[in-house]
Structures are given as structure tokens and as C-alpha cells.
Amino acid sequence: RFHDPDRFDPDRHDNQHLGFGSGIHLCFGGPLARREAQIALTELVHRLDAPTLVADPPPYRRSPVLRGPIHLQVQQN
Ligand code: HEM
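Residues numbered from 1 in each chain as written. Predicted model: local features only at pLDDT ≥ 70, side-chain atom pairs only at ≥ 80, totals over all residues. Heavy atoms only, no water.

Moving on: the site of the ligand. Lining the immediate environment of the ligand, one finds Leu18, Gly19, Phe20, Gly21, Ile24, His25, Leu26, Cys27, Phe28, Gly29, Leu32 and Ala33. Between the ligand and the protein, one listed contact pairs an oxygen atom with a side-chain N or O atom of His25 at 2.6 Å. Grouping the amino acids of the shell around the ligand by side-chain chemistry returns 8 nonpolar, 4 polar and no charged. (Near = heavy atom within 4 Å. Polar contact = N/O pair within 3.5 Å; in protein donor to acceptor, adjacent residues only side chain to side chain. Nonpolar A, V, L, I, M, F, W, Y, C, P; charged D, E, K, R; others polar.)

Structure below.
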């Protein structure tokens, strides 16, 4: 989908959602992908030096159904 897909580029445009779908075609690899994301984010946090939230608390979705931050910006001091 993207040019140079192996390069980490958080500024790519036209990103589709990262949900796993629903119903009969629910992503088969969802549990693996979730575990990979947990491992990657944990490793990232360990490599940062004293990371803090840019906004604390971060901005939350207004939806009562789907809770969670809209984004979670982190900075290194
Ligand atoms: C962040 C990573 C991933 C995302 C965002 C993702 C997303 C999705 C989505 C949205 C669908 C549903 C498509 C539809 O409704 O037609 C899907 C289906 C599927 N995914 Fe993933 N996926 C991810 C990782 C993986 C991995 C790691 C595997 C395999 C190891 C995998 C295997 C599959 C398979 C086999 C289906 C088809 C399921 C079916 O039609 O019954 N996915 N994925």
C-alpha cells in the first residue's frame, strides 16, 4: 500500500484504520498483532529516557461506547 513500507514513518498520509474488523471476517491474526504491538510499545518505552505525556490527561474520545485517548503524544525530557 505504501511506498517504502519497511521505513518507520508516522507522518504517512491516507492511513486507514487499524481495527480488526468484525463478524465472520474478523481478523484471524488479531491476537498475534495485539501481542506484537504490546511487545513493540513496551520495548519503545524502555528505550526512551524518562518519557512523559505531552498532554496529561490526553484528549479523550467523546464516545461513551469506544473509550480511550484520541492520540497519546509522548516526549523525552
Ligand atoms: C495490525 C495488524 C493487522 C490489522 C490492522 C489487520 C486488520 C484486518 C482486518 C480489518 C480484517 C478484516 C477484513 C474484512 O473485513 O474483510 C482482517 C482479516 C484478516 N486478517 Fe488481519 N490484520 C492485522 C494483522 C494480521 C496478522 C498478523 C495476520 C496473520 C498472522 C492476519 C490475518 C488475517 C486473515 C487471515 C484475515 C481474513 C479473515 C477472514 O476473512 O475470515 N492479520 N485483518
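A few words on the coordination of the iron atom of the ligand. Just one protein ligand coordinates the iron atom of the ligand, and it is Cys27 (SG) at 2.3 Å. Here Cys27 lies in the segment before α1 (30-47). (Donors = N, O, S within 2.8 Å, 3.2 Å for Na, K, Ca; no water. Helix = DSSP H or I, 4+ residues; strand = E, 2+ residues; numbered from the N terminus.)

In this approach the atoms are scanned with a rolling probe the size of a water molecule, which exposes any empty space left behind. In this structure, the largest pocket encloses a volume near 1200 Å³. What lines the largest pocket is a set of 27 residues, among which Leu18, Leu41, Leu44, His71 and Leu72 lie closest to the centre. Residue assignment for the lining of the largest pocket shows that the elements contributing at least two residues are α1, β1 (51-53) and β2 (74-76). Considered class by class, the residues forming the lining of the largest pocket number 15 nonpolar, 6 polar and 6 charged. (1 Å grid on protein atoms, 1.4 Å probe; cavity = no way out; pocket = protein on both sides within 12 Å on 5 of 7 lines; lining within 4 Å. Points joined across faces, edges and corners; volume = space filled by probe spheres on them.)

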